[in-house]
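Secondary and tertiary structure notes
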Amino acid sequence: MRAGFAITMSEGDTRPLITSTPDTEGMMTEPLPDAPVVGILGTGDFSRSLALRLVASGYRVVVGSRTPKRSAGLFPEEADVTTQQAAASQAELVFVGLFVEHYSTISGLKEVLASKVLVDVSNGTHINHDGPSNAEQLAALFPDSVVVKGFNTISAWSLQTGPRDGSRQILLCSDSVSAKKAVAQLTRNIGFIPVDVGRLSSARDVENAPLRLFPTWTMPVLLSLGLFLFFYLFNFLRDVLHPYLTSGRNVFYKLPIDTVNVTLPSVAMVMLALVYLPGQLAAFLQLRRGTKYSRFPSWLDRWLVARKQLGLLAFLFAALHAVYSLCLPMRRSARYMMLNAAYRVVKEGQANVWDEEAVWRSELYLSVGIMALGLLSLLALTSLPSVGNALNWREFTFIQSRLGYAALFMSTLHTLLFGWDRAFQLSSYLFYLPPTFVLVLLLPCAVLLGRLLLALPCVSQRLARIRRGWEKSRGIRFQLPENNVEKRGREDISDV
């Protein structure tokens, strides 16, 4: 049960059901006599939360209900709960808190609502691909009123607790500039940020926004799942199926942990390389065209936009790999193998089984892996809006670009230390398939090589001139400021 809502309400009880919330406690005061009057049609959860936020912000609120006496106890004491006719006649700005199928119940208010601003806060039950939006249907029902679409992308809970616990942005669209300005000012006054998204024809996209399930994550998630399936099957063939077919050894117990743990860093490495590859492709494309005023292909545009999601998924797989690795000694199979190895050492009478090379390899491998995970953690933290907004552009690009490449380099070194010299041993090529780490290293090494090429002075300075407006085809003479040629030419050259 949300704060400020009573659990039960007796029949006929007119005491207010909403008193205060943690964000509005101590702010509930009587509205000023000259405070703007805002109307609300509807008595649902959203209408009650909106009334609470408006009252706390100093507005006079009048709520229209078909059963005013029954609904009065649902709203703050400062809100006037009356009939729909009375509420519509008192306010110049009216929120329509009804489902689209209930719009017909207020059709009798056309004359009262004429020339007034109606804010449609409704959402659909499914994504609307071709039909009219709810706001357009409301505008058709009330042709003499001005309809603004907004407040549908935030929840009733966000309105109660305030913008600190939810999204601060509220999308607004309307055919009337003055009506949008009025609603935008109200939005600011109650602590949120209005975002103008155009005319009322944009309402369908605004209404579809809350119904889309992670729209920017679809491609990155499918890609990561595809990579995971590929590397998992690849490791299964090499590490599980091969010993079973060639020597009859049953090692299927590796599937839940061992095989997964080898697959996770493989996906993380490829995903991290895919974060920086599109920026390099864009840079090389600009160098080839000799201008920055030519659009990238649509597939590259989508790839560039998805870099944040790719990076966060890379961090997720790397973190899971760290957790799985920490759990390896806890397995019963690991204890059995340790006991068996100790028994063989005692039986063979070996006094010292120390392997200097293996020890150094293990120490370096683990140390570099920890540093790579630390850098990835920093990249993930700065991707959060609350952290990224506290950084200026130079700080943000330094972390995401330079430290990002450092994370990719450390991850590559971690994999190289893991592989050591096994890439050159014929016994490592089971079923004529290369070791997994050989496949994993291909793309990261290519990306690091591309970064080195773009950092060459002859390349980086030309790219810097292009990104400052120089065009090859127009033959414009262009020269960077003398004191910035070297500095600018080598700074974030792959960042787009």
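Note: the structure precedes this text.
First, a word on scope: everything that follows refers to the structure included in this document. Computed from a prediction, not measured in an experiment: that's the story for all the values here.

What follows covers the overall build of the protein chain. Helix and strand counts for the protein chain come out as 19 helices and 8 strands. Across the 496 residues that make up the protein chain, the buried fraction comes to 43%. When contacts within the protein chain are restricted to residue pairs at least 6 apart in sequence, those whose partners lie at least 24 apart make up 73%. When the accessible surface of the protein chain is summed, it comes to about 27100 Å², and 60% of that surface belongs to carbon and sulfur atoms.

Interaxial distance between helix H9 (residues 218-247) and helix H17 (residues 436-455) falls to 10 Å at its minimum, and their mutual angle equals 150 degrees. One way to sum up the angle between H9 and H17 is to call them roughly antiparallel. Taking contact as the criterion, the partners of Phe 230, Phe 231, Phe 234, Asn 235 and Arg 238 in H9 are, on H17, Thr 436, Leu 439 and Val 440. Class assignment for the residues of the contact of H9 with H17 results in 5 nonpolar, 2 polar and 1 charged.

Quick look at the pattern of salt bridges now. The full count for this structure, using the stated rule, is 7 salt bridges. Of the charged contacts, one joins Arg 331 and Asp 258 as a salt bridge, the two residues approaching to 2.7 Å between their closest N and O atoms. Within this pair, whereas Arg 331 is found in the loop between helix H12 (307-327) and helix H13 (332-348), its partner Asp 258 is found in helix H10 (residues 258-289), the two being separated by 73 residues in sequence. In this structure, a network of salt bridges that share partners links the residues Asp 120, Lys 149 and Glu 207.

Before going further, it helps to examine unusual backbone geometry. The backbone of Ser 115 sits at a positive phi, close to 70 degrees, despite the residue not being glycine. Residue position: Ser 115 is located in the loop between helix H4 (110-113) and strand S5 (117-120). For Ser 115, a relative accessible area of 61% translates into the label exposed. With a phi close to 65 degrees, Phe 151 is a non-glycine residue in the positive phi region. Overall, the relative accessible area of 0% leaves Phe 151 in the buried class.

In this section: helix H1 (residues 45-56). Its 12 residues give H1 an end-to-end C-alpha distance of 17 Å, which sits within 8% of 16 Å, the value for a rise of 1.5 Å per residue. When you tally the buried positions in H1, you get 11 out of 12 residues, the bulk of the element. Burial in H1 covers these residues: Phe 46, Ser 47, Arg 48, Ser 49, Leu 50, Ala 51, Leu 52, Arg 53, Leu 54, Val 55 and Ala 56. Tucked inside the fold, the buried residues of H1 contact strand S1 (37-41), strand S2 (60-65), strand S4 (93-96), helix H6 (156-161) and helix H7 (177-189). Among the residues trailing H1, Gly 58 stands out with phi positive, at a value near 95 degrees.

Let us now look at helix H5 (residues 134-141). Considered for burial, the residues of H5 that qualify are Asn 134, Ala 135 and Leu 138. Along H5, the residues classed as buried sweep out an arc of 100 degrees about the axis, all on the same side. Structurally, H5 contributes buried residues whose contacts are with S4, S5, strand S6 (146-149) and helix H8 (203-208).

Here the focus is the packing of H10 against H12. At their nearest, the axes of H10 and H12 sit 8 Å apart, and the two run at 155 degrees to each other. In terms of axis orientation, H10 runs roughly antiparallel to H12. For the crossing formed where H10 meets H12, the hand is left-handed. Across the interface between the two elements, Val 260, Asn 261, Leu 264, Pro 265, Val 267, Ala 268, Met 271, Leu 272, Leu 274, Val 275, Pro 278 and Gly 279 of H10 pack against Arg 307, Leu 310, Gly 311, Leu 313, Ala 314, Phe 317, Ala 318, Leu 320, His 321, Tyr 324 and Ser 325 of H12.

A few words now on the pairing of S6. Where S5 and S6 come together, 4 bridges link them in parallel fashion. Opposite Asp 120, over in S6, you have Lys 149 as the bridge partner. Regarding the hand of the β-α-β motif, the stretch spanning S5, H5 and S6 is right-handed. Of the strand pairs in this sheet, S6 and strand S7 (residues 169-174) are connected by 2 bridges, and their pairing is antiparallel. Paired with Val 148 across the two strands is Ser 174, which belongs to S7.

On the surface, Asp 355, Glu 356, Glu 357 and Asp 421 cluster together into a patch of negative charge. Positionally, Glu 357 belongs in helix H14 (residues 356-382).

Turning our eyes to something else, we now look at the nonpolar core. Counting 43 residues, the largest nonpolar core has Met 271, Leu 272, Tyr 276, Leu 300 and Val 447 as its most contacted members. Breaking this core down by element, the ones donating at least two residues are H9, H10, helix H11 (298-305), H12, H14, helix H16 (393-419) and H17. Residue contributions to this core peak at 15 residues, all from H10. Contact partners of Leu 272, with chain neighbours within four places excluded, come to Ala 314, Leu 376, Ala 407, Leu 408 and Ser 411. Of all hydrophobic cores here, the second largest spans 32 residues; its members include Leu 93, Val 117, Ala 156 and Ile 170.

Here we take up the pairing of S4. The two faces of a sheet get side chains in turn, since along a regular strand they alternate between them. Because side chains alternate across S4, one face comprises the buried residues Leu 93 and Phe 95, and the other comprises Val 94 and Val 96, equally buried. As paired elements, S1 and S4 share 4 bridges and run parallel to each other. From the neighbouring strand, Val 38 faces S4, where its bridge partner is Leu 93. Bridge count between S4 and S5: 4 bridges; the pairing is parallel. By the bridge assignment for S5, Phe 95 is matched with Val 119.

On to the environment of Leu 159. Tracing the chain through its elements places Leu 159 in helix H6. When its relative accessible area of 0% is taken as the criterion, Leu 159 is described as buried. Linking Leu 159 and Leu 50, residues 109 residues apart in sequence, is a C-alpha distance of 6.1 Å.

Let us look at the packing of aromatic side chains. Under the criterion given, the structure shown has 12 aromatic pairs. An angle of 35 degrees between the planes, with centres 6.4 Å apart, marks the rings of Phe 228 and Phe 317 as tilted. Linking Phe 228 in helix H9 with Phe 317 in helix H12, this pair joins segments that are 89 residues apart in sequence. For Phe 228, a relative accessible area of 23% puts it in the partly exposed group.

Definitions and cut-offs
- Residues numbered from 1 in each chain as written.
- Predicted model: local features only at pLDDT ≥ 70, side-chain atom pairs only at ≥ 80, totals over all residues.
- Heavy atoms only, no water.
- Helix = DSSP H or I, 4+ residues; strand = E, 2+ residues; numbered from the N terminus.
- Buried < 20%, exposed > 50% of the residue type's maximum accessible area, 1.4 Å probe, protein only.
- Contact = heavy atoms within 4.5 Å.
- Areas by Shrake-Rupley, 256 points an atom, 1.4 Å probe, with all protein chains shown as cover.
- Axes fitted to C-alpha atoms, helices over the stretch in contact; angles between N-to-C directions.
- Parallel < 35°, antiparallel > 145°, perpendicular 65-115°, else oblique.
- Nonpolar A, V, L, I, M, F, W, Y, C, P; charged D, E, K, R; others polar.
- Salt bridge = Lys/Arg side-chain N within 4 Å of Asp/Glu carboxyl O.
- Expected span 1.5 Å × (residues − 1).
- Arc of directions from axis to C-beta.
- Left-handed = near helix turned anticlockwise from the far one by under 90°.
- Pairing = 2+ DSSP bridges.
- Right-handed = clockwise from strand over helix to strand, strands pointing away.
- Patch = residues over 30% accessible without salt bridge, like charges linked within 9 Å, V, L, I, M, F, W, Y side chains within 5 Å.
- Lys, Arg positive; Asp, Glu negative; His and termini not counted.
- Charge placed at Lys NZ, Arg CZ, Asp CG, Glu CD.
- Core = buried A, V, L, I, M, F, W, Y, C linked by side-chain atoms within 4.5 Å.
- Phe/Tyr/Trp six-rings, centres within 6.5 Å; stacked < 30°, edge-to-face > 60°.

Take it as geometry only, folks, not as evidence of what the structure does.
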